[in-house]
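# Observations on chain architecture
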Amino acid sequence: MKKSNWKLHREYAESVAALGPYRGDCPFCKGKNTFTASCELGVLQYNCYKLGCDVGGRFDTDMTAAEIRRHMRPAQEEQPKEIETMELPAQLVIPTPQHIKHNRFLRRWGIVGGTYYDVQQERVVFPIYHKGRMIDAVGRAVGVRKQPKWYRYTGAAHYYTIGDGDTILIVEDVISAIVAYQELSNVTCMAILGTTMNDKHFAKIGEYDRSVIALDPDAVGKTIEYRREIELWTGKQATALSLSDDIKYRMPEDMEKLQELCGR
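Attention here is on the structure that accompanies the text.

### Examining unusual backbone geometry
Despite not being glycine, Glu122 shows a phi value in the positive range, around 55°. Following the sequence through the fold, Glu122 ends up in the loop between strand 6 (116-118) and strand 7 (123-130). In the Ramachandran plot, Lys131 falls in the positive-phi region, its phi being about 55° despite a non-glycine side chain. Within the secondary structure, Lys131 is located in the loop between strand 7 and strand 8 (133-141).

This is the structure:
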């Protein structure tokens, strides 16, 4: 049976990422140095940045023996690596009044500026910075039935943060983080950018004396699980908050609870 294109893309990405993060020519569109792939803690991510090439995806995979050894190795043995500056893909542009879908999406959530627009994938793109350099970006689909809803461009960043308050508020997505930052005082908002947390998340959370987890209402079990993991990793007390609705809807009762926990 002939393999589908996405299976070929995935198998190639798995093969080149077996020894670590990879960047090189794309064998599918022949783009020069446009294909990236990485597999970290059982998550395979790959993408071609050449305009017009639709190769890209994110999949859960089994962890390799090498990954397990790296994960179990004590943190002090790991040598910190400088994160590469993201090369801005050609399809990411500064939005104009003509980019109606982008502008309508930002107006819906009361967000002003600081974004790009992916004209190829029809995504509102939120850049992620590290030490003043753009290292990654996460795009939210605004096209009709575009999948996946959220898309990571390099996978270099483990989380998205906004604000510089004394309390760190952990939420699910970038929209919720931005809305919470707009509504609350004395808070740093972190979007976890995925379905699991790792040592990079916990290290960042550990910088704060007070942490609050406020995921969407349909993720109560995960909220409680994260609270336990944060307390085990950081040795500090964390608070799990049950919301009446997603933070991005700015429900007054939820904002009052969060202000009480984060703003004092």
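### Looking at the sheet that holds strand 11 (residues 167-171)
Taken in spatial order, the 5 strands line up as 10-12-11-13-14 in an open sheet, and their pairing is mixed. Every other strand in the sheet has two partners, leaving strand 10 (160-162) and strand 14 (238-240) as the edge strands with one partner each. Between one strand and the next, the sheet's axes are offset by a mean angle of 20°, whatever the strand orientation. Bridging between strand 11 and strand 12 (residues 187-191) involves 5 bridges; their strand directions are parallel. Looking at strand 12, one finds that Leu169 is bridged to Cys189. Strand contacts of helix 6 (residues 220-234): strand 11, strand 13 (210-213) and strand 14, with the helix running at about 175° to strand 14, the strand carrying the most contacts.

### Section: the sheet that holds strand 3 (residues 43-48)
Spatial strand order, 1-2-3-4: 4 strands in an open sheet with antiparallel pairing. Two strands lie at the open edges of the sheet, namely strand 1 (22-24) and strand 4 (56-60), each paired on one side alone. Strand after strand, the sheet turns through a mean of 5° between neighbouring axes, direction not considered. Alignment of strand 1 against strand 2 (residues 35-40), held across 3 bridges, turns out to be antiparallel. Note on strand 2: the bridge partner recorded for Arg23 is Thr36. Helix 1 (residues 5-16) rests against strand 1, strand 2, strand 3 and strand 4 of the sheet, and its axis sits at about 110° to strand 3.

### What about the environment of Val119?
Within the secondary structure, Val119 sits in the loop between strand 6 and strand 7. With 26 residues separating them along the chain, Val119 and Val93 place their C-alpha atoms 7.3 Å apart. Filtering out sequence-adjacent residues up to four positions away, Val119 remains in contact with Gln91, Val93 and His99.

### Describing the environment of Thr36
Of note, Thr36 is situated in strand 2. Residues Thr36 and Pro21 lie 15 residues apart in sequence; the distance between their C-alpha atoms is 7.5 Å.

### Section: the nonpolar core
Within the largest apolar cluster, 36 residues are counted, with the highest numbers of intra-cluster contacts made by Phe126, Tyr160, Leu169, Val174, Ile247 and Leu258. If you list the elements that add at least two residues to this core, you get helix 3 (100-109), strand 7, strand 8, strand 10, strand 11, helix 4 (174-183), strand 12 and helix 7 (252-262). A per-element tally of this core places helix 4 first, with 6 residues. Ignoring any residue separated from it by four or fewer positions in sequence, one finds Tyr160 in contact with Phe126, Pro127, Ile128, Val174, Ala177, Ile178, Cys189, Met190, Ala191 and Leu193. By size, the runner-up hydrophobic cluster in this structure holds 14 residues, among which are Ile168, Met190, Ile192 and Ala219.

### A look at helix 7
If you check which residues of helix 7 are buried, you get Asp254, Met255, Leu258, Leu261 and Cys262. Take helix 7 and look down its axis: the buried residues cluster within an arc of 130°, on one side only. Of the residues in helix 7, the exposed ones pointing more than 90 degrees away from the buried face are Pro252, Glu256 and Glu260. Buried residues in helix 7 make contact with strand 11, helix 4, strand 12, strand 13 and strand 14.

### With respect to empty space enclosed by the protein
Within the structure shown, the criterion is met by 1 cavity of 30 Å³ or more. Estimates place the volume of the largest cavity at around 30 Å³. Lining the largest cavity we find Ile205, Gly206, Tyr208, Asp209, Arg210, Ser211, Ile230, Thr234, Lys236 and Gln237. Put simply, the parts of the chain that give the lining of the largest cavity at least two residues each are strand 13 and helix 6. Looking at the lining of the largest cavity residue by residue, the classes come out as 3 nonpolar, 4 polar and 3 charged.

Rules used in this analysis
Residues numbered from 1 in each chain as written. Predicted model: local features only at pLDDT ≥ 70, side-chain atom pairs only at ≥ 80, totals over all residues. Heavy atoms only, no water. Helix = DSSP H or I, 4+ residues; strand = E, 2+ residues; numbered from the N terminus. Pairing = 2+ DSSP bridges. Axes fitted to C-alpha atoms, helices over the stretch in contact; angles between N-to-C directions. Contact = heavy atoms within 4.5 Å. Core = buried A, V, L, I, M, F, W, Y, C linked by side-chain atoms within 4.5 Å. Buried < 20%, exposed > 50% of the residue type's maximum accessible area, 1.4 Å probe, protein only. Arc of directions from axis to C-beta. 1 Å grid on protein atoms, 1.4 Å probe; cavity = no way out; pocket = protein on both sides within 12 Å on 5 of 7 lines; lining within 4 Å. Points joined across faces, edges and corners; volume = space filled by probe spheres on them. Nonpolar A, V, L, I, M, F, W, Y, C, P; charged D, E, K, R; others polar.

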